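What the coordinates show
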Amino acid sequence: MLFTDDLPELSEDIGYRGPTACKAAGITYRQLDYWARTGLVEPSVRGATGSGTQRLYGFRDILVLKVVKRLLDTGVSLQQIRVAIQALRERGVEDLAQITLMSDGASVYECTSADEVIDLVQGGQGVFGIAVGRVWREVEGELAELPSERTEDDTQAAHPGDELRARRQARLA
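Quick caveat: nothing in here was measured; it's all calculated off a predicted structure.

A separate point is the overall build of the chain. Within the chain one finds seven helices and five strands. In the chain, the succession of α and β elements from N to C terminus is β-α-α-α-α-β-β-α-β-α-β-α. Every one of the 173 residues in the chain was classed for burial, and the buried ones make up 37%. Nonlocal contacts in the chain, meaning residues at least 24 apart in sequence, comprise 65% of its contacts between residues at least 6 apart. Element-wise, carbon and sulfur atoms account for 49% of the exposed surface of the chain, whose accessible area totals about 9,600 Å².

Here's what the structure looks like:
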């Protein structure tokens, strides 16, 4: 299944903290932090606004993180990945699940139909492909098992195991 139209609607106010995003995307926190600071993948739900604030990544952010990780694992340079991600952003995020990314290890090609994939492979350019719709489902499965939070949840009840947050709240009260 390269192309799929039956992907679910996403809630825009649900976010995932950095460690959760790392686990779902299969990356290190160091990679996540670097990519956020350099603008490759910035958190869309809530950015860090200073010391003690938590970035919150949306589902689509984590999807892009996982696609970036897959491209890195296959030998595509971070510079080429930046070009590819920028092109995807310019296209619009809504189309993301409808594409397959193909690469020859040096360049990344965007395919929106099975015919384009076949043409690319027959031309000898595509060596591997990433069906973004399939990655979407993988991320969805990973996140179903991991904690999330709503943007309006800034109370201790949202994070009962967060001792540092409890201390800060007690100091402010």
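A few words on the pairing of strand S2 (residues 100-103). Residues Thr-100 and Met-102 line one face of S2 and the alternating positions Leu-101 and Ser-103 line the opposite face, and both faces are buried. As paired elements, S2 and strand S3 (residues 108-111) share four bridges and run antiparallel to each other. In the sheet register, Thr-100 faces S3, and the bridge partner there is Cys-111. Two successive antiparallel strands, S2 and S3, enclose a turn made up of four residues, where Gly-105 displays a positive phi of approximately 95°. By the bridge criterion, four bridges tie S2 to strand S4 (residues 128-131) in an arrangement that is antiparallel. Bridged to Ser-103 within S4 is Phe-128.

To continue, consider helix H6 (residues 132-144). One full turn of an α-helix is made of 3.6 residues, so residues set three or four places apart face in the same direction. Taking 1.5 Å as the rise per residue, H6 with 13 residues should run 18 Å; its terminal C-alpha atoms sit 18 Å apart, in good agreement. Within the sequence span of H6, burial applies to Val-132, Gly-133, Val-135, Trp-136, Val-139 and Leu-143. The buried residues of H6 all sit within an arc of 155° when viewed along its axis, so they share a single face.

Right, let's get into the confidence of the model for the chain. When pLDDT is averaged along the chain, the result is 76; 75% of the residues meet or exceed 70. When the criterion is pLDDT under 50, residues 1-8 qualifies, and its contacts beyond four places in sequence or with other chains add up to 25 contacts. Ignoring residues within four places in sequence, the model shows residues 153-158, a span with pLDDT below 50, making nine contacts including any to other chains.

A word on the sheet that holds S4. The three strands are arranged S3-S2-S4 in an open sheet whose pairing can be described as antiparallel. Since the sheet does not close on itself, it has two edges, and those belong to S3 and S4, each with one partner. Averaged over all adjacent pairs, the angle separating strand axes in this sheet is 25°, with direction ignored. Packed on one face of the sheet, helix H3 (residues 59-73) meets S2, S3 and S4 and runs near 170° to S4. Contacts between helix H5 (residues 114-122) and the sheet are confined to S2 and S3, with S3 contributing the most and set at about 145° to the helix.

The rules behind each value
Residues numbered from 1 in each chain as written. Predicted model: local features only at pLDDT ≥ 70, side-chain atom pairs only at ≥ 80, totals over all residues. Heavy atoms only, no water. Helix = DSSP H or I, 4+ residues; strand = E, 2+ residues; numbered from the N terminus. Buried < 20%, exposed > 50% of the residue type's maximum accessible area, 1.4 Å probe, protein only. Contact = heavy atoms within 4.5 Å. Areas by Shrake-Rupley, 256 points an atom, 1.4 Å probe, with all protein chains shown as cover. Pairing = 2+ DSSP bridges. Expected span 1.5 Å × (residues − 1). Arc of directions from axis to C-beta. pLDDT = per-residue confidence, 0-100. Axes fitted to C-alpha atoms, helices over the stretch in contact; angles between N-to-C directions.

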